[in-house]
Structure formats: C-alpha cells, structure tokens
Amino acid sequence: MNDDSLVTIDVDLEGDGKRFGNLAVPQSTNSAGWAKYFIPITVISNGDGPTAILFGGNHGDEYEGPVTLLNLARELTPDQVHGRVIIIPMLNHPAVVAGTRLSPIDGANMNRAFPGRRNDSITGMIAHFISSRVLPLADLVIDIHSGGSSMHMLPSVNMHRLENEAQMDLMLAAARAWGAPYIFLYRDIAGEGLLPSCAEQMGNVTLGTEMGSKAQFGRETLLVTARVRNVLHHAGILSEPGSDPGVAEPIVVAADDEQDYIMAPASGIFEPFFELGDPIAACERVGQIHSLEHPERDPHPVAARSNGILFARRSIPLTRQGECVAVLTREVSS
Ligand SMILES: [Zn+2]
C-alpha cells in the first residue's frame with residue numbers, strides 16, 4: 001500500500017540557510033475543484049547538530065504558540081543555530097484563521113488526529129505528513145498550547161509520565177531549562193492521537209505547554225512562552241539562551257488520577273469558588289452549577305474528588321454536563 005504523503009512542501013528540509021515556505025495540502029472545494037491549502041513552515045539550518053521542531057496553533061484558539069514562533073522564525077538567523085530548527089507556527093492553520101479549537105474545514109481536532117492517514121480529511125492529512133516526514137527528523141519536539149477559549153491554566157511546560165526513564169529524565173531536564181513556573185505531568189482523559197504522544201513514541205524529547213488561556217493572553221504569558229529559546233540553548237542548538245532565564249526551580253506537579261479532572265455533573269452556569277493556585281481538599285466544593293431552567297432549585301454542587309491545588313478551571317461560564325470545570329494537581333518529586 002502506498003503510504004507516501006499527499007502533502008507537498010516547497011522548501012528543502014536539508015541544507016544550510018534560512019527558508020520560508022509552505023506545506024501544500026490537496027483540497028477540492030466548491031470554489032475550486034483543484035486547490036491547495038498552504039501551511040507556513042520555516043527552516044533554519046547551520047551545519048551538524050540536533051534538530052528541534054516547534055509547533056504552534058495545533059489548536060486554533062491558542063495564540064501564544066503562533067505569536068512566539070512567528071517572532072522566533074523571523075528573528076533567528078543561521079549563524080545563531082548549530083543544527084536545525086523547523087518551525088510550523090500555525091499547524092492547524094484553518095483553525096487559527098477561524099479562531100477555533102477545531103478545524104472549520106472538517107471539524108477535526110488536530111491533537112487527536114495523529115498519526116493521521118494519507119488520504120484523510122485535511123486535519124488527518126496534515127498529521128500524516130508531520131508524523132511520517134517531519135517528526136522522524138527530530139531530536140527535540142515542542143508543541144505550544146494554552147487553555148484557549150475554554151480553560152484558564154497556570155503556565156506550565158508539560159509531558160506524559162513515560163515508562164522509559166532515560167527519555168523521561170531528558171524531558172524533565174529540558175522542561176526545567178524552559179524557566180516556566182510549573183512542570184505539569186498529565187494523563188490523557190479525552191481520547192488519544194496527540195501530537196506529543198506520537199513524538200514521544202518515536203523517542204524524541206517532547207515538551208508540550210499550557211501557557212494560559214485566550215482571556216489570559218498578554219504580555220505575561222507571552223514572556224513565559226518566549227523562554228522557549230532557553231530549551232533550544234539547553235539542547236545545544238542555540239549558542240545563547242534567551243534574555244529571560246525565568247524560574248530556576250519550577251514546581252513539578254501531576255494530575256495522574258482520573259479523579260483529578262472534574263467534569264460538570266449537570267448543565268448550566270458554572271460558578272467557581274476558587275482561583276488558580278488555591279489548595280482544595282477532597283469533597284470540598286470547587287463550585288456550583290446554576291440551572292438555566294429551574295431558578296427555584298438549589299445549584300448543583302461540584303465537589304473535588306482528590307486533594308490538590310487548582311491548576312486549571314473552566315473559563316466559559318456556560319457549561320454542558322460532562323465538560324471539564326477544574327483540574328487539581330499535586331506537587332511531586334521528580
Ligand atoms: Zn491545545
């Protein structure tokens with residue numbers, strides 16, 4: 001079976017220098033039977049050395065990645081690089097253009113589409129190109145996320161807890177080098193097919209982030225995100241670290257129990273009782289949900305099922321039953 005990607009690329013991934021170009025994903029639409037959807041890519045190479053691949057806009061409503069990586073792509077010059085930096089600042093470009101988490105073209109979630117399929121809808125075709133042509137080149141993979149429209153988050157570099165201890169140690173060291181306030185060890189509670197999972201399985205040092213949210217987007221979260229240069233320096237790719245070293249000893253936290261992810265027991269308006277960073281005990285109420293139809297009823301209580309600090313909370317007041325309203329984490333030794 002032919003598994004070659006149908007996506008083409010107009011820049012050479014090999015060879016020294018700096019090149020801006022595009023991936024071109026085949027499309028056949030109402031307005032053009034023959035069309036290509038372009039996804040920007042930048043390659044900055046200089047001699048032998050490791051390869052870092054940086055992604056932003058995996059989810060389209062998370063702007064910390066696109067802004068940081070568009071700046072980095074313009075600013076980095078080949079003489080600053082030992083090895084190679086490949087930057088895809090708006091991986092789910094249709095979603096970034098629409099300002100939505102999911103692709104407006106096929107409704108798919110890029111971060112559930114990996115490894116993708118050759119002849120998929122647009123999101124799966126992009127994922128397939130990345131998993132088959134780009135990730136195999138990597139030593140270091142960075143996928144910049146934030147809470148987007150729906151969640152407020154404490155700023156963190158994150159990863160799964162891997163069984164491969166040597167790989168995990170390398171990932172924790174790279175995460176420390178970032179200088180973000182938190183390192184967050186998470187588990188998948190809403191499906192599989194994540195880009196970082198795909199990169200981890202290939203043995204790459206893989207870092208994700210949760211840098212804030214659409215409402216928190218601003219100077220503070222962008223300053224933390226821009227410290228990504230420190231990781232490139234840690235990997236030996238940049239001769240100089242970023243101008244901001246950030247936090248020397250980040251707090252390592254984990255939400256590795258399903259109970260740490262609290263889903264709304266009912267639909268309505270979620271009223272939070274705590275803010276990010278607050279300690280919460282099991283059985284304590286993290287908030288309550290007001291009925292939109294029955295003002296005579298008491299609000300539905302939302303109780304914590306584990307102890308921890310409030311690491312993330314829902315940022316959209318209107319809530320449907322089953323949607324995540326809070327995530328608790330506990331400090332761990334690493
Ligand atoms: Zn995301």
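The residue numbering used here restarts from 1 in each chain and proceeds along that chain's sequence as written. Residue-level local features of this predicted model are given only where pLDDT is at least 70; pairs of side-chain atoms are given and counted only at 80 or more, and the full residue set underlies all totals for whole chains, interfaces and linings.

Moving on, we come to the overall build of the chain. Helix and strand counts for the chain stand at 7 helices and 19 strands. The globule rule is 2.2 Å times the number of residues to the power 0.38, and the radius of gyration it is compared with is taken over C-alpha atoms. Whereas a compact globule of 334 residues would reach a radius of gyration of roughly 20 Å, the chain reaches 20 Å, a difference of no more than 12%. Along the first, second and third principal axes, the C-alpha atoms of the chain reach 65 × 50 × 40 Å. Neighbour density around each residue's C-beta defines its exposure: 20 or more other C-beta atoms within 10 Å make it buried, 12 or fewer make it exposed, and counts between make it partly exposed, where C-beta atoms are placed from the backbone. Sorting the 334 residues of the chain into buried and exposed places 46% on the buried side. Pairs at least 24 residues apart make up 69% of the contacts formed inside the chain by residues separated by at least 6 positions. In this description a helix means any DSSP run of H or I spanning at least four residues, a strand means any run of E spanning at least two, and both kinds are numbered starting from the N terminus. Our contact criterion uses C-beta atoms placed from the backbone: two residues qualify when those atoms are within 7 Å.

Each pair of strands is called paired provided DSSP finds at least two bridges between the two strands. Spatial strand order, E16-E15-E13-E18: 4 strands in an open sheet with antiparallel pairing. Every interior strand has two partners, whereas the edge strands, strand E16 (300–303) and strand E18 (318–319), have only one. Both strand E15 (residues 285–290) and E16 contribute to a ladder of 4 bridges, which runs antiparallel. When the bridges of E16 are listed, Ile 289 appears paired with His 300.

At a minimum axis distance of 10 Å, the contact between helix H1 (residues 64–75) and helix H6 (residues 219–226) shows a crossing angle of 55°. In terms of their interaxial angle, H1 and H6 are classed as oblique. Here H1 and H6 pass one another in a crossing that is right-handed. Where H1 abuts H6, its residues Glu 64, Val 67 and Thr 68 lie against Thr 221, Leu 222, Thr 225 and Ala 226. Three classes are used, and their members are as follows: Ala, Val, Leu, Ile, Met, Phe, Trp, Tyr, Cys and Pro are nonpolar, Asp, Glu, Lys and Arg are charged, and the others, Gly among them, are polar. Classifying every residue of the contact of H1 with H6 by side-chain character gives 3 nonpolar, 3 polar and 1 charged. Lines fitted to C-alpha atoms define the axes here, with helix axes fitted over just the stretch in contact, and angles between the N-to-C directions of these axes take values from 0 to 180 degrees. Orientation is classified from the angle alone, with under 35 degrees giving roughly parallel, over 145 giving roughly antiparallel, 65 to 115 giving roughly perpendicular, and any other angle giving oblique. Each crossing is labelled by how the near helix is turned from the far one, with a counterclockwise turn of less than a right angle marking it left-handed and a clockwise turn marking it right-handed.

This brings us to the domain arrangement of the chain. Domain assignment breaks the chain into domain 1 (8–255) and domain 2 (258–331). For domain 1 and domain 2, the distance between their C-alpha centroids amounts to 30 Å. Taken together, the contacts link 16 residues of domain 1 with 16 residues of domain 2. Of all the secondary structure elements, the ones that give two or more residues to the side of domain 1 that touches domain 2 are strand E7 (151–153) and strand E11 (251–255). Domain limits in this description derive from either an automatic procedure or a database domain assignment.

Within the secondary structure, Ile 41 sits in strand E3 (residues 35–46). You can call Ile 41 buried: it has 23 C-beta atoms within 10 Å. As for Ile 41 and Arg 19, which are separated by 22 residues in sequence, their C-alpha atoms are 8.3 Å apart. When residues no more than four places from it in sequence are discounted, the contact partners of Ile 41 are Ile 9, Val 11, Gly 21, Asn 22, Leu 23, Ile 86 and Ile 88.

That bond from Phe 114 to Pro 115 is cis: its omega, 5°, falls within 30 degrees of zero. Checked against the element boundaries, Pro 115 lands in the loop between helix H2 (93–98) and helix H3 (122–134). One non-glycine residue, Cys 283, lies in the positive phi region at around 80°. As for its position among the elements, Cys 283 is in the loop between strand E14 (279–280) and E15. The class for Cys 283 is exposed, based on 10 C-beta atoms found within 10 Å.

Before going further, it helps to spend a moment on the pairing of E15. One face of the sheet, then the other: side chains in a regular strand alternate in exactly this way. Judged from the 4 bridges that link them, strand E13 (residues 268–272) and E15 form a sheet pairing that is antiparallel. Bridge assignment links Ile 269 to a residue of E15, and that residue is His 290.

Along an α-helix, residues three or four positions apart point the same way, because every turn accommodates 3.6 residues. Each helix should span, by expectation, one fewer than its residue count multiplied by 1.5 Å. The terminal C-alpha atoms of H3 lie 17 Å apart, and with 13 residues this matches the ideal 18 Å at 1.5 Å per residue to within 8%. Most of H3 sits inside the fold, with 11 of its 13 residues counted as buried. Taken together, the buried positions of H3 are Ile 122, Thr 123, Gly 124, Met 125, Ile 126, Ala 127, His 128, Phe 129, Ile 130, Ser 131 and Val 134. The elements touched by buried residues of H3 are strand E2 (17–27), E3, strand E4 (51–55), strand E5 (83–88), H2 and helix H5 (195–201).

Moving on, we come to the environment of Val 11. Here Val 11 shows up in the loop between strand E1 (8–9) and E2. Sequence-wise, Val 11 and Gly 21 are 10 residues apart; in three dimensions their C-alpha atoms are separated by 5.5 Å. Every residue in contact with Val 11, bar those within four places of it in the chain, is listed here: Arg 19, Gly 21, Ile 41 and Val 43.

On to the nonpolar core, then. For the purposes of this analysis, a nonpolar core is taken to be any set of buried Ala, Val, Leu, Ile, Met, Phe, Trp, Tyr and Cys residues that are connected through C-beta atoms within 7 Å. Counting residues in hydrophobic clusters, the biggest one holds 90 residues, and the most contacted among them are Ile 126, Ile 142 and Phe 311. Of the residues forming this core, the biggest block, 7 residues, is contributed by H3. Split by domain, the residues of this core number at least three in each of domain 1 (8–255) and domain 2 (258–331). The contact partners of Phe 311, leaving out residues within four places of it in the chain, are Met 153, Leu 154, Phe 184, Val 253, Ala 255, Val 327, Leu 328 and Thr 329.

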